[in-house]
Amino acid sequence: MNILDDSIVPEHARAIKSDAREFANEYIMPSAAEYYDSGEYPWDILEAGYEAGLVAGDIPEEYGGRGLDLPQLLALSEELYRADAGIALTLQLASFGCEITYEYGSEEQCEEYIRPVAAGEQISGLAVSEPETGSDLAGMQTRADKDGDEYVLNGEKYWIGNGVEADWITVYARTGDDEDNRYGNHSLFIVPTDVDGYEAEHIPEKMAMRASKQAHITFEDCRIPEENLIGYEGAGFMMLADFFNHGRVIVSGHSLGMAAAAIEETWEFTHGRKEFGRTINEFQAVQHGLADMVTEFESARALAWRACEKVHTDENAGYWAAMTKTKATEAAVEIAQQGMQFHGGRSVLTDRRICRVFRDTRIPVIYEGTNEVQRNLIYRQVP
Ligand SMILES: Cc1cc2nc3c(=O)[nH]c(=O)nc-3n(C[C@H](O)[C@H](O)[C@H](O)COP(=O)(O)OP(=O)(O)OC[C@H]3O[C@@H](n4cnc5c(N)ncnc54)[C@H](O)[C@@H]3O)c2cc1C
């Protein structure tokens, strides 16, 4: 079965989709269980991904990237996450946050920080969430105070992908305290991870996406030059909102990939497993469950590609991004849950693909803004 077919994907995004599938089948799929077990960082697959041109491909060509657009990134995401979400997240996070610098930063910042990521010499990350604040973007407490021609960072970040592994991180920090302008109090900075006062350690082990690593970062009088401010002071919230609109479309691709994996796995299992002298797919109850799985998948995927177009052309982008993120991530949870049920007792064997996918689907309903927050955004932006 090929549930993740091409027909809904715009023509210009089909080549990258096909390259991604070939790469995923050769490098990701065979290693997925092993990396899940070990919880190690898949450096070898990251390197192979760079060589195949599938990592940091969003970076514009003028800085050495491929300049992949949003439909191409969605197509890529569907294929890589179908193979394994943990490894796919590591490949994606290698350039996480770079978009903010190449969209709003200076030429010098792009040359110094973006070009090495495109070349595979460095990796990045984006630090927004904090131990005491997650959903409330305007409530983040990490500070960046101006001192002469430097900014001094103090505070903590939590859940930060590549916080330990990255060469530099885009950090969201408070530069103002105006209660009447909550959305103008934060700014974004480029922070090299070898700067004095930057400490990072891995957070405790996760039950899902174990091949990707998140960190707890502390900043203690961490000094960075003022040239590391991205855009202008107070623009952090606005830049993040724009970044998340693109990110949420890509996250819907994470979940569609996982949902496709759950469907494939369950289809194969139900057509092979025998009870009462026949394969279980012959029972109407199982057929209806499978029918619901594919129907839910197609609905979520149709919305994702419509939202992708809307966000790409910037038509009420926040509304469509939140809607597809919510629909696709919840569809994947439901589809994987049904897949588990049809696997019977074997569903809980940790070496089963369905079991891994089921656990992985629990993550995208949380990251890039929880689905409760997405519903707030959808409601507020109904046209
Ligand atoms: C695997 C993983 C990777 C991540 N990677 C990164 C990363 O690279 N960089 C980064 O900055 N962050 C990252 N995150 C953090 C992620 O973005 C946050 O976990 C998420 O924003 C939620 O924040 P929280 O966990 O603090 O939950 P909270 O904000 O404390 O939410 C707890 C519950 O309260 C609900 N809630 C909160 N506010 C509202 C509201 N206004 N209305 C309705 N319900 C509400 C939430 O929906 C949720 O159900 C990652 C998280 C995970 C799990």
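Summary of the structure given here. (Residues numbered from 1 in each chain as written. Predicted model: local features only at pLDDT ≥ 70, side-chain atom pairs only at ≥ 80, totals over all residues. Heavy atoms only, no water.)

Core analysis: the largest hydrophobic core is formed by 121 residues, its most contacted members being Ile 28, Ile 59, Leu 80, Leu 153, Val 191, Leu 240 and Phe 297. Not counting residues up to four positions away in its chain, the partners in contact with Leu 80 are Ala 20, Phe 23, Ala 24, Ile 28, Ala 88 and Leu 91. (Core = buried A, V, L, I, M, F, W, Y, C linked by side-chain atoms within 4.5 Å. Buried < 20%, exposed > 50% of the residue type's maximum accessible area, 1.4 Å probe, protein only. Contact = heavy atoms within 4.5 Å.)

Taken together, the side chains of Glu 34, Asp 37, Glu 40, Asp 44, Glu 47, Glu 51 and Asp 351 define an acidic patch exposed on the protein surface. Of all the elements in the fold, those that place two or more residues in the negative patch are α2 (32-38) and α3 (43-51). When residues of the negative patch are assigned to their parent elements, the largest contribution, 3 residues, is made by α3. Along the chain, Glu 34 turns up in helix α2. (Patch = residues over 30% accessible without salt bridge, like charges linked within 9 Å, V, L, I, M, F, W, Y side chains within 5 Å. Areas by Shrake-Rupley, 256 points an atom, 1.4 Å probe, with all protein chains shown as cover. Salt bridge = Lys/Arg side-chain N within 4 Å of Asp/Glu carboxyl O. Lys, Arg positive; Asp, Glu negative; His and termini not counted. Charge placed at Lys NZ, Arg CZ, Asp CG, Glu CD. Helix = DSSP H or I, 4+ residues; strand = E, 2+ residues; numbered from the N terminus.)

Right, let's talk about the packing of helix α1 (residues 14-28) against helix α4 (residues 70-83) for a bit. Contact geometry of α1 with α4 gives a least axis separation of 9 Å together with a crossing angle of 20°. As summarised for this structure, α1 and α4 are arranged roughly parallel, according to the angle between their axes. In terms of crossing hand, the pair formed by α1 and α4 is right-handed. Contact residues: α1 offers Ile 16, Lys 17, Ala 20, Arg 21, Phe 23, Ala 24, Asn 25 and Ile 28, while α4 offers Gln 72, Ala 75, Leu 76, Glu 79, Leu 80, Arg 82 and Ala 83. For the contact of α1 with α4, the residue count by class is 9 nonpolar, 2 polar and 4 charged. (Axes fitted to C-alpha atoms, helices over the stretch in contact; angles between N-to-C directions. Parallel < 35°, antiparallel > 145°, perpendicular 65-115°, else oblique. Left-handed = near helix turned anticlockwise from the far one by under 90°. Nonpolar A, V, L, I, M, F, W, Y, C, P; charged D, E, K, R; others polar.)

Here we take up the packing of helix α10 (residues 317-342) against helix α11 (residues 353-360). One can describe the packing of α10 onto α11 by two numbers: an axis separation of 9 Å at closest approach and a directional angle of 150°. In this view, α10 runs roughly antiparallel relative to α11, as classed from their interaxial angle. Considering how the two elements wind past one another, α10 and α11 form a crossing that is left-handed. Contacts from Ala 336, Gln 337, Gly 339 and Met 340 of α10 reach α11 at Ile 354, Cys 355 and Phe 358.

The subject of this paragraph is the site of the ligand. Lining the immediate surroundings of the ligand are 18 residues, of which Ser 129, Ser 135, Trp 159, Thr 370 and Glu 372 lie closest. Between a nitrogen atom of the ligand and a main-chain N or O atom of Leu 126, the distance comes to 2.9 Å. Between an oxygen atom of the ligand and a main-chain N or O atom of Val 128, the distance comes to 2.8 Å. Among the secondary structure elements, those contributing two or more residues to the shell around the ligand are β1 (126-127), β3 (150-161) and α12 (371-380). Of the residues in the shell around the ligand, the class split is 9 nonpolar, 7 polar and 2 charged. (Near = heavy atom within 4 Å. Polar contact = N/O pair within 3.5 Å; in protein donor to acceptor, adjacent residues only side chain to side chain.)

A complete count under the given rule lists 24 salt bridges for this structure. Where Glu 296 meets Lys 327, a salt bridge forms, and the shortest distance between an N and an O atom there is 2.8 Å. One end of the pair, Glu 296, is in helix α9 (residues 284-312); the other, Lys 327, is in helix α10, with 31 residues separating them in the sequence. For Lys 327, a relative accessible area of 29% corresponds to the partly exposed category. For the salt bridge of Arg 375 with Glu 330, the shortest nitrogen-to-oxygen distance reads 2.8 Å. One end of the pair, Arg 375, is in helix α12; the other, Glu 330, is in helix α10, with 45 residues separating them in the sequence. Residue Glu 330 is classed as partly exposed on the basis of its relative accessible area of 24%. Sharing partners across several salt bridges, the network here consists of Asp 6, Lys 17, Arg 21 and Glu 79.

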